[in-house]
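Spelled out, the chains give:
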Amino acid sequence: MKTLAYIFKNNEEWIRKQLAYDPDYFHRMEEGQHPEFLWIACSDSRVLPNELAGLGAGQMFVHRNIANLVQYNDINLLSVMQYAVDVLKVKHVVVCGHYGCGGVQASMGNTDLGIIDIWIRQIRDLAEQFKEELAELKTEVERVNFLVEKNVLQQIKNLKELPVIKRAWHNKQELYLHAWVFDMATGRLVDLKQTEQEQPE
Ligand SMILES: [Zn+2]
């Protein structure tokens, strides 16, 4: 088996760099976290939320899954949401998809992916909902990226239905939802301009 010693070497190098830049870094990390952001992203290895947003350790609470989905039966996501909103009191929840998402692409095909097919089922429903718009797009890339955007917007709708969000807004907690997409080809973060603010009832 190939040794993974280089990971531990990298780790030592990272510690050295962090301390050279900020000798107090690890002491501060010990004191706890006060992130303003909860960032929901795809598990894709090319997406680096902290790096692309220029936010360091302690500034972003992160949840990731295939195709950045908000599913009502996902106890992992629901727990992350509750902790982020009720305990950490994050001000911003970002759903950040990415163009060229393999999960979204898979939902447009007929291949048998086993349990992943169940996971991405709601994107298939979305593709059905927008089939006329999709049919007008010429290339596969355009169709995938169209659906990537619609998928992010759908997840914002899903978030708005969560009791933890409704309760926060009802209690006038400052909380904004943002629909963003990361363009891997240029590195640019695209705002879909669908920010949802707190909505007192
Ligand atoms: Zn993806």
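For the structure, check the block above.
Each chain has its residues counted from 1, following the order in which its sequence is written. Since the coordinates come from a predicted model, pLDDT governs what is reported: local features require at least 70, and pairs of side-chain atoms require 80 or more to be given and counted, while whole-chain, interface and lining totals use all residues. Hydrogens and waters are ignored; side-chain quantities use all the structure's heavy atoms.

Chemist: Explain the environment of Glu149 to me, please; I cannot follow it from the model alone.
Modeler: In DSSP terms, a helix is any run of H or I states spanning at least four residues, a strand is any run of E spanning at least two, and both are numbered starting from the N terminus. Structurally, Glu149 can be placed in helix H9 (residues 140-160). When accessible area is computed with a 1.4 Å probe and restricted to protein chains, residues below 20% of their type maximum are described as buried, those above 50% as exposed, and intermediate ones as partly exposed. A residue is classified by how much of its surface remains accessible, and Glu149, at 28% relative accessible area, is partly exposed. For the pair formed by Glu149 and Lys166, sequence separation is 17 residues and the distance between their alpha carbons is 24 Å. Those residues in contact with Glu149 that sit more than four places away from it in its chain are Tyr99, Val181 and Leu192. Note on definitions: a residue-residue contact is assigned when non-hydrogen atoms from the two residues lie within 4.5 Å.

Chemist: In this structure, what is going on with the coordination of the zinc ion? I would like to understand it.
Modeler: Geometrically, a metal with four donors at the corners of a regular tetrahedron has ideal angles of 109.5 degrees, and one with six donors at the corners of a regular octahedron has ideal angles of 90 or 180 degrees. Sodium, potassium and calcium take a 3.2 Å donor cutoff, other metals 2.8 Å, and in both cases only N, O and S atoms count; water is not among them, so sites may look incomplete. Coordination of the zinc ion by the protein is provided by Cys42 (SG), His98 (NE2) and Cys101 (SG), with metal-donor distances spanning 2.1 to 2.3 Å. The sequence motif formed by the donor residues of the zinc ion is C-x55-H-x2-C. Overall, His98 belongs to the buried group, its relative accessible area being 1%. Relative accessible area serves as the criterion here: at 2%, Cys101 is assigned to the buried category.

Chemist: Would you take a moment to explain the pattern of salt bridges for this structure?
Modeler: A pair is scored as a salt bridge if a Lys or Arg side-chain nitrogen falls within 4 Å of a carboxyl oxygen belonging to Asp or Glu. Here the structure, examined in full by the defined rule, presents nine salt bridges. With its nearest N and O atoms 2.9 Å apart, the salt bridge here joins Asp117 to Arg124. Taking relative accessible area as the criterion, Arg124 reaches 21% and is therefore assigned partly exposed.

Chemist: Can you help me understand the pairing of strand E4 (residues 176-182) in this one?
Modeler: Every regular strand shows the same layout, with side chains that alternate between the two sheet faces. With respect to burial, E4 is a largely interior element, seven of its seven residues being buried. Relative to strand E5 (residues 189-191), E4 runs antiparallel, the two sharing three bridges. Bridging from a neighbouring strand, Phe182 pairs with Leu189 of E5. A loop of six residues connects E4 with E5, the two strands running antiparallel in sequence, and Gly187 in this loop sits at a positive phi of about 85°. Here, a strand pair is defined by DSSP locating no fewer than two bridges between the strands.

Chemist: How should a nonpolar patch on the surface be read in this particular structure?
Modeler: Residues enter patches when they are more than 30% accessible in relative terms and free of salt bridges; like-charged ones are connected within 9 Å and nonpolar ones (Val, Leu, Ile, Met, Phe, Trp, Tyr) within 5 Å. Shrake-Rupley sampling with a 1.4 Å probe provides the accessible areas, and residues are treated as covered by the protein chains on show and by no other component. Where nonpolar side chains cluster on the molecular surface, the patch consists of Ile66, Leu113, Ile115, Ile116 and Ile118 and spans about 450 Å² of accessible area. Note that Ile116 resides in helix H6 (residues 115-119).

Structural measurements only, silent on function.
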